[in-house]
Amino acid sequence: MVSLRNLGIRAASALVLAPLAVLAIWAGSLWFLAIILAAVVLLAREWAAMSTPGRRDLIAWGVALAIIAATITAQTGAMSAALVVLVFGAAAVAIYARRLGYEGVDAAYGVLYLGWPAVLLIWLRDGDSGVGLSWTILVFVVAWSADVMAFLVGSLVGGPKLWPRYSPNKTWSGFVGGLVAGSAAGWLVASFLPMGLPDPIWGLALGFAGALATMAGDLWESALKRRFGVKDAGGLIPGHGGLLDRVDGLMFAAVVMAAGRLGFMMLDGPA
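Description of the structure in this document. Counting of residues starts from 1 at the beginning of each chain's written sequence and follows it residue by residue. Thresholds applied to this predicted model are a pLDDT of at least 70 for local features of residues and 80 or more for the giving and counting of side-chain atom pairs; totals over whole chains, interfaces and linings are not thresholded and use all residues. Remark: hydrogens and water are excluded; side-chain values derive from all non-hydrogen atoms of the structure.

1. Here's the deal with the overall build of the protein
Stage number 1. Strands are runs of DSSP state E lasting at least 2 residues, helices are runs of H or I lasting at least 4, and numbering of each runs from the N terminus. Summing up its helical and strand segments, the protein has nine helices and two strands in all.
Stage number 2. The secondary structure elements of the protein, listed N-terminal to C-terminal, are α-α-α-α-α-α-β-β-α-α-α.
Stage number 3. For every residue, the accessible area obtained with a 1.4 Å probe (protein chains only) is divided by the maximum for its type, and the residue is called buried under 20%, exposed over 50%, and partly exposed between those limits. Counting the 271 residues in the protein, one finds 49% classified as buried.
Stage number 4. Put simply, of all contacts in the protein between residues at least 6 apart along the chain, 70% involve residues at least 24 apart.
Stage number 5. The Shrake-Rupley method, run with a 1.4 Å probe, gives the accessible areas here. Residue values count only the displayed protein chains as cover. As presented, the protein carries roughly 12800 Å² of accessible surface, and 72% of it is formed by carbon and sulfur atoms. Between two residues, a contact is recorded if the distance between any of their heavy atoms is within 4.5 Å.

Next up, the structure:
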């Protein structure tokens, strides 16, 4: 059953955070860059707290600076250079972490895990003032719809567990509910916003893929938390845990949607 108290806390947190994200997405340009960079700093701190708790501030700033450099490079439109910066930043952070006595692979993975979606979100939003806005809205609407409906359906219906070893609270009913909600959201966005798609029905496929990615991202973060022996990535957001607990699925959805947009661009160019 749904805990009314927990649901209320989650709803209140969403009412505070969602408008900030919506305004930044709508404004675009430096406003969107600013909220991405702020999120990167917070996420880097959470990653360091999970993976290298002993000297987390040093690792956190290393991870954050590597991603910030790549994200700002992406904002200039130099996407190839941004990806190169991200890879070399991950390598530099790995060397830095090893000198501090930590596992360099975990630090490097943090740069790529958090940085790849950040760079792609910049590309999606600022690649084109109209279509770019629509694709960015698609990412957030699909991810939020899938996440919320998976939680509600899973809590209300229950049933067999999806992956009890790593995420004992998630159910197959919630998984199906999330897929349906994400697919419907994708179709609605494609039906009303300019996206350069041959037909709005493609929004259904994009929504399905984005919803699948959203729940995969959620499960993947659950596995990471189990690996590092923590319950939540942090305590920043009441009812949700850390910021990473809130955007884990969104990050995967951003990667999938960016791949979708690139695919349509390669097919006929207008997207």
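2. Points about the environment of T71
Stage number 1. Along the chain, T71 turns up in helix α3 (residues 56-75).
Stage number 2. Separated by 48 residues in sequence, T71 and V119 place their C-alpha atoms 5.1 Å apart.
Stage number 3. Apart from residues lying up to four places away in sequence, T71 is in contact with L33, I36, L37, A118, V119 and I122.
Stage number 4. Polar contact is defined as a pair of N or O atoms within 3.5 Å, subject to the rule that within protein one atom must be able to donate a hydrogen and the other to accept it, and that residues adjacent in sequence are counted only when both atoms are side-chain atoms. Looking at T71, its side chain comes within polar contact range of the main-chain oxygen of I67, at 2.7 Å.

3. A short note on unusual backbone geometry
Stage number 1. Even without being glycine, S29 reaches a positive phi, approximately 50 degrees.
Stage number 2. Structurally, the position occupied by S29 is in helix α2 (residues 29-51).

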